[in-house]
Amino acid sequence: MMLRRLFQLGQRTIKMATINVQHMNDGNGDSSYASNSFLQEHAIRRALPFLKHAIKDMANHDVFFKNDCFMIADLGCSSGMNTLLVASNIINILHEVCHENNRKTPQSQVCLNDLFGNDFNNLFKLLPDFYDNLKKDQGESIGGCFVSVVPGSFYGRLFPDKSLHFVHSSYSIQWLSQVPEGLESNKLNLYISKTSSLNVLQAYGKQFHADFTKFLELRYEEIVCGGHMFITLPGRSKVDPASDDCWSLWDLLTKSLLELLKEELIRESDINSFNFPFYLPCEDEVRNIIQDNGSFSVDNMNVYEVNWDPDDTDYTNMDDLNLEHNHNQGINTTMKNTAKVIRAITEPMLTSHFGSSIIDVLYKKYEKHVEERLATKKTRQFTIVISLTKNE
């Protein structure tokens, strides 16, 4: 009993430490998120038609024409060009809709949110070009645009009551507020895997249900009546949370760590005490939570897949590798691109837990395993897009 209690106390300490470093690699270096977020960029671009539909629906209900300032929040914005790409898309669509309706484009306030450890300084450096490009594309008629930063967890209140018209979040809500309780049996795994027990699958699902429900409740307080929320998140295509498209690339990271364990570079207890605080839900899970909560109505829910390799734009062959692409680009390039994406989003957490001395070796091994995987099967990220309207 005493040993179990000590294990639980240790787990809580590790959970808090993990959440405190739950941010992407900062800066603009070779391993930075800003340089390796093309997967997320593709997800944003593929969601653009649905985003246009959501904003035009707001215009049909006269939500923003009667306001002098259109309040936008991008939750989990991270850093780099993707953040300002989202802001540009929303403002350009807003301008287009106002022009179609012979209305003056209102001023817009864009509130960028992420955790306190996010590299906001990198975003600030990009703002002058962002403002110049807006004026170049739309002219002075676009109205004033003001960008601000609101640091903090989106699992807590961020804005005053009924202050937002449009909330956007892309590839962020899969991150949980904490590592789930009850993962003691998930030994030698970093996340859900084919060897994970039923209680581990249920623990992850329960944590996502609690977090997403809280997220909806908080945003309900902050969004105006008739306001919209647009969410893009990675998920899984099958109901089974241990399905291959949910864990395959993450399992390769576990495999790389186990090799370091055999080489006595890390301890088994270090692996057993670490689990990633994220969850990839299926479409039905997301829909059921929204319906059970009742704060928002689902206007549209769509799904699509994004290639993990940002240079692979072929979406016609959904089962196997694009041989022509591999001939031109080389499997080595594909492998490096995919491995860099994973490194950019996982390195801070793994460095905090395992130390910096093994990181380069770890991701070198990971590249090798990704190469072996991609040599036989193309890997895509199943993505869910939801457009929501706040209920009265």
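If you're wondering where the values come from, they're calculated on a predicted model, not measured in any experiment.

**Some points on the overall build of the protein**
Move 1: Secondary structure assignment for the protein yields 12 helices and seven strands.
Move 2: A burial count over the protein gives 56% of its 392 residues as buried.
Move 3: For the protein, the proportion of contacts with a sequence separation of at least 24, taken over those separated by at least 6, is 83%.
Move 4: Element-wise, carbon and sulfur atoms account for 51% of the exposed surface of the protein, whose accessible area totals about 17,100 Å².

**Details of the sheet that holds strand E5 (residues 223–234)**
Move 1: If you walk across this open sheet you meet the seven strands as E3-E2-E1-E4-E5-E7-E6, and the pairing is mixed. Each having just a single partner strand, strand E3 (145–149) and strand E6 (296–307) make up the two edges of the open sheet. Going across the sheet, the axis of each strand differs from the next one's by a mean of 15 degrees, ignoring polarity.
Move 2: Looking at chain direction, E6 and strand E7 (residues 380–390) are connected through 11 bridges and run antiparallel. Within the sheet, the bridge partner assigned to Tyr304 lies in E7 and is Thr383.
Move 3: The strands touched by helix H2 (residues 38–46) within the sheet are strand E4 (164–170), E6 and E7, with E6 carrying the most contacts at an inclination of about 130 degrees.

**Some words on unusual backbone geometry**
A negative phi angle characterises most non-glycine residues, just as the trans form characterises most peptide bonds.
Move 1: At Lys162, a position not held by glycine, the phi torsion is positive, near 45 degrees.
Move 2: The topology assignment puts Lys162 in the loop between E3 and E4.
Move 3: Using a relative accessible area of 53% as the deciding quantity, one classes Lys162 as exposed.
Move 4: If you check the backbone angles, Leu188 has positive phi at about 60 degrees while not being a glycine.
Move 5: Positionally, Leu188 belongs in the loop between E4 and helix H6 (198–222).

**Structural notes on the environment of Trp175**
Move 1: Mapping Trp175 onto the fold places it in the loop between E4 and H6.
Move 2: Here Trp175 falls in the buried class, since its relative accessible area comes to 10%.
Move 3: In this structure the C-alpha to C-alpha distance between Trp175 and Asp211, which are 36 residues apart in sequence, comes to 9.3 Å.

**Overview of the packing of aromatic side chains**
Move 1: Counted under the stated rule, the structure contains 15 aromatic pairs.
Move 2: Ring centres of Phe274 and Phe276 lie 5.1 Å apart, and the angle between their planes is 85 degrees; this geometry places the pair in the edge-to-face category.
Move 3: Since its relative accessible area comes to 1%, Phe274 is described here as buried.
Move 4: For Phe276, a relative accessible area of 0% corresponds to the buried category.
Move 5: The structure contains a cluster of three or more aromatic residues connected by ring pairs, namely Trp175, Tyr191, Tyr204, Trp250, Phe274, Phe276, Phe278 and Phe354.
Move 6: Between Arg219 and the ring centre of Phe215, over which it is positioned, the NZ or CZ distance is 5.0 Å.
Move 7: The positively charged end of Lys390 is found above the aromatic ring belonging to Tyr220, 4.5 Å away from the centroid.

**Looking at helix H4 (residues 81–100)**
Move 1: Taking 1.5 Å of rise per residue, 20 residues should cover 28 Å, and H4 covers 28 Å from first to last C-alpha, within 8% of that figure.
Move 2: Within H4, 15 of the 20 residues are buried, leaving the element largely enclosed by the surrounding structure.
Move 3: Two residues or fewer past H4, Asn102 is found with a positive phi of approximately 55 degrees.

**Brief notes about the environment of Arg267**
Move 1: Take Arg267: it is sitting in the loop between helix H7 (244–262) and helix H8 (268–272).
Move 2: For the pair Arg267 and Leu257, spaced 10 residues apart in the sequence, the C-alpha separation amounts to 9.8 Å.

**Re the environment of Gly182**
Move 1: Within the secondary structure, Gly182 sits in the loop between E4 and H6.
Move 2: C-alpha of Gly182 to C-alpha of Asn199: the two residues are 17 residues apart in sequence and 7.5 Å apart in space.
Move 3: If we skip the residues at most four places from it in the chain, Gly182 touches Asn199 and Ala203.

**A closer look at the packing of H2 against helix H3 (residues 48–60)**
Move 1: Running from N to C, H2 and H3 point in directions that differ by 45 degrees, and their axes come no closer than 4 Å. If you check the angle between H2 and H3, you find them oblique. Listed contacts from H3 to Ile44, Arg45 and Arg46 of H2 are Leu48, Pro49 and Phe50.
Move 2: Its residues assigned to classes, the contact of H2 with H3 shows four nonpolar, no polar and two charged.

**Points about the packing of H2 against H4**
Move 1: One way to put it is that H2 packs onto H4 with a least axis distance of 10 Å and a crossing angle of 10 degrees. Put simply, H2 runs roughly parallel to H4. Where H2 approaches H4, its residues Gln40, Glu41, Ile44 and Arg45 are matched on the opposing element by Asn82, Leu85, Val86 and Asn89.
Move 2: When the residues that make up the contact of H2 with H4 are grouped by side-chain class, the tally is three nonpolar, three polar and two charged.

**Overview of the confidence of the model for the protein**
Move 1: With 82% of its residues at a pLDDT of 70 or more, the protein shows a mean pLDDT of 85.
Move 2: Contacts from residues 1–7, a stretch scored under 50 in pLDDT, to residues over four places away or in other chains number four contacts.
Move 3: In the model, residues 322–328 has pLDDT below 50 throughout and makes 12 contacts with residues more than four positions away in sequence or in other chains.

Parameters at a glance
- Residues numbered from 1 in each chain as written.
- Predicted model: local features only at pLDDT ≥ 70, side-chain atom pairs only at ≥ 80, totals over all residues.
- Heavy atoms only, no water.
- Helix = DSSP H or I, 4+ residues; strand = E, 2+ residues; numbered from the N terminus.
- Buried < 20%, exposed > 50% of the residue type's maximum accessible area, 1.4 Å probe, protein only.
- Contact = heavy atoms within 4.5 Å.
- Areas by Shrake-Rupley, 256 points an atom, 1.4 Å probe, with all protein chains shown as cover.
- Pairing = 2+ DSSP bridges.
- Axes fitted to C-alpha atoms, helices over the stretch in contact; angles between N-to-C directions.
- Phe/Tyr/Trp six-rings, centres within 6.5 Å; stacked < 30°, edge-to-face > 60°.
- Lys NZ or Arg CZ within 6 Å of the ring centre and 35° of its normal.
- Expected span 1.5 Å × (residues − 1).
- Parallel < 35°, antiparallel > 145°, perpendicular 65-115°, else oblique.
- Nonpolar A, V, L, I, M, F, W, Y, C, P; charged D, E, K, R; others polar.
- pLDDT = per-residue confidence, 0-100.

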